[in-house]
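Below, each chain spelled out in residue letters.
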Amino acid sequence: MTRRTIAVVSAGLRQPSSTRLLADQLGAAAGDELRRRGLTVDIRPIELREHAHDLTNALLTGFAPAGLRPAVDAVAGADGLVAVTPIFNTSYNGLFKSFFDVLERETLADRPVLLAATGGTARHSLALEYAVRPLFTHLRAVTVPTAVFAAPEDWAEGSAAGPLADRVRRAGRELAELVASRAPAVAPDPFALTTDFERLLAGD
């Protein structure tokens, strides 16, 4: 099968958002690399600020409301994920964490993920390694080696050139390599039995 899907999750709170801008660039870079490998690519952007109220309801009830379901299903069925958060108080923001809290436990298991963040100073870039990457390790995702951080000075250099553009291309290539090397993803079935009826009747 030559079609792959990349879900691009951004947790920026404002419009326009540098977090969304970085997410779009990373999704485009991964898509370009996959197309060079002869694959058809669907990029599915998910802007979490549009789902803030539904995320709160999902956390309170334990069920994703209808308005949130397409975003959850897009991530569950994606072959690869770009996940971008603004850094607040040296970590990911609450909107970002809430979204990944509402996913089914095994949704991201063995799923290639590209991590990125934006922040007011380059000193916050370390949060990608001590906060964001451990979250996805806990979720059993396969994170690409290059994590991309964008500070205000990175945007001043322009989006098509400079160190940020180099990091975006490198990270996009790493995600594409992982996605292309794997069979197309199959979304987990939330209604699938985790054991058979015989064991259930036996009380195991």
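Calculation criteria
- Residues numbered from 1 in each chain as written.
- Predicted model: local features only at pLDDT ≥ 70, side-chain atom pairs only at ≥ 80, totals over all residues.
- Heavy atoms only, no water.
- Phe/Tyr/Trp six-rings, centres within 6.5 Å; stacked < 30°, edge-to-face > 60°.
- Helix = DSSP H or I, 4+ residues; strand = E, 2+ residues; numbered from the N terminus.
- Buried < 20%, exposed > 50% of the residue type's maximum accessible area, 1.4 Å probe, protein only.
- Core = buried A, V, L, I, M, F, W, Y, C linked by side-chain atoms within 4.5 Å.
- Contact = heavy atoms within 4.5 Å.
- Axes fitted to C-alpha atoms, helices over the stretch in contact; angles between N-to-C directions.
- Parallel < 35°, antiparallel > 145°, perpendicular 65-115°, else oblique.
- Nonpolar A, V, L, I, M, F, W, Y, C, P; charged D, E, K, R; others polar.
- Pairing = 2+ DSSP bridges.
- Right-handed = clockwise from strand over helix to strand, strands pointing away.

Visitor: Tell me what's going on with the packing of aromatic side chains, and back it up with residues and numbers.
Guide: In the structure shown here, the tally under the stated rule is five aromatic pairs. Aromatic pair F100 and F136: ring centres 4.9 Å apart, planes at 75°, arrangement edge-to-face. Residue F100 is located in helix α4 (residues 94–102), and its partner F136 is located in helix α5 (residues 127–138); the two are separated by 36 residues in the primary sequence. Residue F100 is classed as buried on the basis of its relative accessible area of 3%. The class of F136 is buried, set by a relative accessible area of 0%. Taken together, the ring pairs connect Y92, F96, F99, F100 and F136 into an aromatic cluster.

Visitor: Report on the nonpolar core, specifying residues and quantitative values.
Guide: With 35 residues, the main nonpolar core has V75, L81, F99, F100, L108 and F136 as its most contacted residues. Secondary-structure elements contributing two or more residues to this core are β1 (3–10), α2 (52–61), α3 (69–76), β3 (80–88), α4, β5 (112–118) and α5. If one sorts the elements of this core by residue count, α5 sits on top with five residues. Contact partners of L81, with chain neighbours within four places excluded, come to A7, V9, V75, F100, L108, P112, V113, L114, F136 and L175. Counting residues in each nonpolar core, the second largest holds 23 residues, with A29, V84, L164 and A176 among its members.

Visitor: Describe the packing of α4 against α5, naming the residues involved and giving the relevant values.
Guide: The relative placement of two packed helices is expressed as an angle between their axes plus a distance between the axes. Put simply, α4 and α5 touch, their axes get as near as 12 Å, and they point 5° apart. Comparing the axis directions of α4 and α5 gives the class roughly parallel. Between α4 and α5, the contacting residues are F96, K97 and F100 on the first element and V132, L135 and F136 on the second. Class assignment for the residues of the contact of α4 with α5 results in five nonpolar, no polar and one charged.

Visitor: Which residues make up the pairing of strand β2 (residues 40–47), and what values go with them?
Guide: The pairing of β1 with β2 spans eight bridges and is parallel. Considered in β2, the bridge of S10 is made with E47. Of the crossover connections in this fold, the one passing from β1 over helix α1 (residues 18–36) to the parallel β2 is right-handed.

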